[in-house]
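Residue-level listing of the chains:
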Amino acid sequence: MNPQTPARLTGSASMSFQNPVYVVSCASVVGKKEGEGPLGSKFDLVCEEPMFGEATWEAAESTMQKEAAALALGKAGLTPGDIRMTFAGDLLAQTTASSFGIAGMGIPFYGLFGACSTIGESLSLGAMSVAAGYGEHILCATSSHFASAEKQFRFPLGYANQRPKASTWTVTGSGAVVICKGDQKQGMAKITGITTGKIVDYGVKDTMNMGACMAPAAASVVAAHFKDFGTDPSEYDQIITGDLGMVGKDILIDILRSEGYDIADRYIDCGIEIYGRDAQAQAGGSGCGCSAVMLAGYVLKQLEIGEWKRVLFVPTGALLSVVSFNEGNSIPGIAHAVR
């Protein structure tokens, strides 16, 4: 292999970066409920006012995402003009929050949709672009807002319906990460490989049980990652899924055990950690912002201080569409792994 090759295809679904891609800065912005959780002090900005000074929930989410991006750029000593391209997305139709948020910063923009796995998709595409020399600095970001998501996917907030125990609470939050080439002294952490997930559909149709929709997809990409890299759970200090919640977490552990991988002693889920065991969040947190703010507010900082040496970050997504659901279709799952 040519030592100058920036990346190498690994196994059936993975890529390893011969010259690691570095995370140079990150930022997290969350709402009041997230700020009151056990990790509230880890986030850069907690906004007590859910409208973020805007007239609509959608505009509030856009403002939140733009703020997270600006904070990440500021920490890196960069301006929007220093960013070659942005990979960003959200849960709303036609990536509304991103289109009116980060896109307004005037940076070349790719809008993404991977549901709650979008930060994994964003980091994967960004890392490939940096490794291939298509940009010195690339911005990766996602967001979600409890009220805008409920408005689109479930019930009007005024309906005040009861939520089953398997349901998750959409995180109001945005996480942004700046990645670049460089040396280890510059970065908080390095990305050495990715595994691209496949859409997995077990036929689940319950919109109030996203964990069951996503867990098979998470198991698929984690198992593929171990096979492609010839490794096992012991190589990682933590394996971190996006928002399977308490229901999906158990399903994931069971599926992986059936395939010969036991991750239970080194596995956490962002959706559970962000709210702790708060009964008001049912099975835990979800949304594009869930794993993004946990990555920017907690995971990367644990790597930066050396508390963890290596993690497998696996954001998970339920590809829920209002149209497909109303037509009686199931909810496919997707997950992407970043090493």
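Up top you'll find the structure we're talking about.
All of the points below concern the structure found in this document. Predicted model only: the values in this text are computed from it and were never measured.

## What about unusual backbone geometry?
In step 1: A positive phi angle, close to 50°, is found at Phe52, a residue other than glycine.
In step 2: In this structure, Phe52 sits in the loop between β3 (45-47) and α2 (57-76).
In step 3: Residue class for Phe52 comes out buried when judged on its relative accessible area of 14%.
In step 4: Not every positive phi belongs to a glycine, and Gln94 is a case in point at roughly 55°.
In step 5: Positionally, Gln94 belongs in the loop between β4 (85-89) and α3 (96-99).
In step 6: For Gln94, a relative accessible area of 70% translates into the label exposed.

## Describing the packing of α2 against helix α5 (residues 146-153)
In step 1: Their axes nearest at 8 Å, the elements α2 and α5 cross at an angle of 135°. Judged on the interaxial angle alone, α5 and α2 are oblique. α2 and α5 meet at a crossing whose hand is left-handed. The segment α2 lies against α5, with Trp57, Glu58 and Glu61 engaging Ala147, Ser148 and Lys151.
In step 2: Among the residues making up the contact of α2 with α5, the classes are represented as two nonpolar, one polar and three charged.

## Description of helix α7 (residues 245-258)
In step 1: Taking 1.5 Å of rise per residue, 14 residues should cover 20 Å, and α7 covers 20 Å from first to last C-alpha, within 8% of that figure.
In step 2: For α7, the set of buried residues is Gly245, Gly248, Lys249, Leu252, Ile253, Ile255 and Leu256. Relative to the axis of α7, the buried residues are bounded by an arc of 170° and lie together on one face.
In step 3: If you follow the buried residues of α7, they end up packed against α6 (210-229), β10 (238-241), β11 (267-269) and α8 (270-275).

## Looking at helix α9 (residues 288-304)
In step 1: Taking 1.5 Å as the rise per residue, α9 with 17 residues should run 24 Å; its terminal C-alpha atoms sit 23 Å apart, in good agreement.
In step 2: Along α9, the sharpest kink reaches roughly 45°, centred on Leu295.
In step 3: Burial runs high along α9: 15 of the 17 residues are buried.

## Description of the packing of aromatic side chains
In step 1: Under the counting rule described, the total for this entry stands at four aromatic pairs.
In step 2: On the numbers, 4.2 Å between centres and 5° between planes, the contact of Phe146 with Trp169 is stacked. Separated by 23 residues along the polypeptide, Phe146 in helix α5 and Trp169 in strand β7 (residues 169-170) bring together distant segments of the chain. Trp169 matches Phe146 in its accessibility class, with the two residues each being buried.
In step 3: On the numbers, 4.8 Å between centres and 45° between planes, the contact of Phe226 with Tyr261 is tilted. Of this pair, Phe226 sits in helix α6 while Tyr261 sits in the loop between α7 and β11, and the two are 35 residues apart along the sequence.

Thresholds applied
Residues numbered from 1 in each chain as written. Predicted model: local features only at pLDDT ≥ 70, side-chain atom pairs only at ≥ 80, totals over all residues. Heavy atoms only, no water. Helix = DSSP H or I, 4+ residues; strand = E, 2+ residues; numbered from the N terminus. Buried < 20%, exposed > 50% of the residue type's maximum accessible area, 1.4 Å probe, protein only. Axes fitted to C-alpha atoms, helices over the stretch in contact; angles between N-to-C directions. Parallel < 35°, antiparallel > 145°, perpendicular 65-115°, else oblique. Left-handed = near helix turned anticlockwise from the far one by under 90°. Contact = heavy atoms within 4.5 Å. Nonpolar A, V, L, I, M, F, W, Y, C, P; charged D, E, K, R; others polar. Expected span 1.5 Å × (residues − 1). Arc of directions from axis to C-beta. Bend = angle between axes of the 7 residues up to and from the residue. Phe/Tyr/Trp six-rings, centres within 6.5 Å; stacked < 30°, edge-to-face > 60°.

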